[in-house]
Amino acid sequence: MLIANLIEKRRLVRIFNVVTSDGVFEVIYNGTGMGYEEIIVDDQIAVRTSSYFWYVPKFEFLIGRASARVEVGISFWLEINQFNLIIAGESVYSE
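**So, the nonpolar core**
Counting 25 residues, the largest nonpolar core has I39, F59, F61, I63, F83 and L85 as the members making the most contacts within it. Those elements giving two or more residues to this core turn out to be β2 (13-20), β3 (23-30), β4 (36-41), β6 (58-63), β7 (66-74), β8 (80-87) and β9 (90-94). The element contributing the most residues to this core is β7, with 5 residues. If we ignore the near neighbours within four places in the chain, the residues touching L85 are A4, F16, V18, F61, R69, V70, E90, S91, V92 and Y93.

See below:
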């Protein structure tokens with residue numbers, strides 16, 4: 001069972017409660033860093049990537065034991081215009 005509930009949606013931030021067979025996790029995409037973007041899982045940095053020239057379109061990391069991927073598109077107005085959260089090959093959230 002994989003469920004992702006969007007908890008908060010801000011300009012360059014998405015926060016989810018994600019339920020997997022391993023438990024419940026808080027997953028945060030943060031695109032507001034100065035020169036970097038990051039994915040945080042339960043208050044731990046899962047992946048941090050430099051984004052000096054433009055935003056990174058894909059992040060791969062783990063949620064519990066499950067492989068996860070965030071695909072994000074950022075507009076020239078610095079807003080998220082595409083966001084996909086994929087866990088164990090299954091799309092659990094898309095906008």
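We are not done yet, so read on.
**Here we look at unusual backbone geometry**
Peptide bonds are, in most cases, trans, and in most cases residues other than glycine have a negative phi. The phi angle at D42 is positive, at roughly 50°, despite the residue not being glycine. Mapping D42 onto the fold places it in the loop between β4 and β5 (44-50). Its identity is not glycine, yet L78 carries a phi of approximately 60°, on the positive side. Locating L78 in the fold gives a position in the loop between β7 and β8.

Cut-offs and rules
Residues numbered from 1 in each chain as written. Predicted model: local features only at pLDDT ≥ 70, side-chain atom pairs only at ≥ 80, totals over all residues. Heavy atoms only, no water. Core = buried A, V, L, I, M, F, W, Y, C linked by side-chain atoms within 4.5 Å. Buried < 20%, exposed > 50% of the residue type's maximum accessible area, 1.4 Å probe, protein only. Helix = DSSP H or I, 4+ residues; strand = E, 2+ residues; numbered from the N terminus. Contact = heavy atoms within 4.5 Å.

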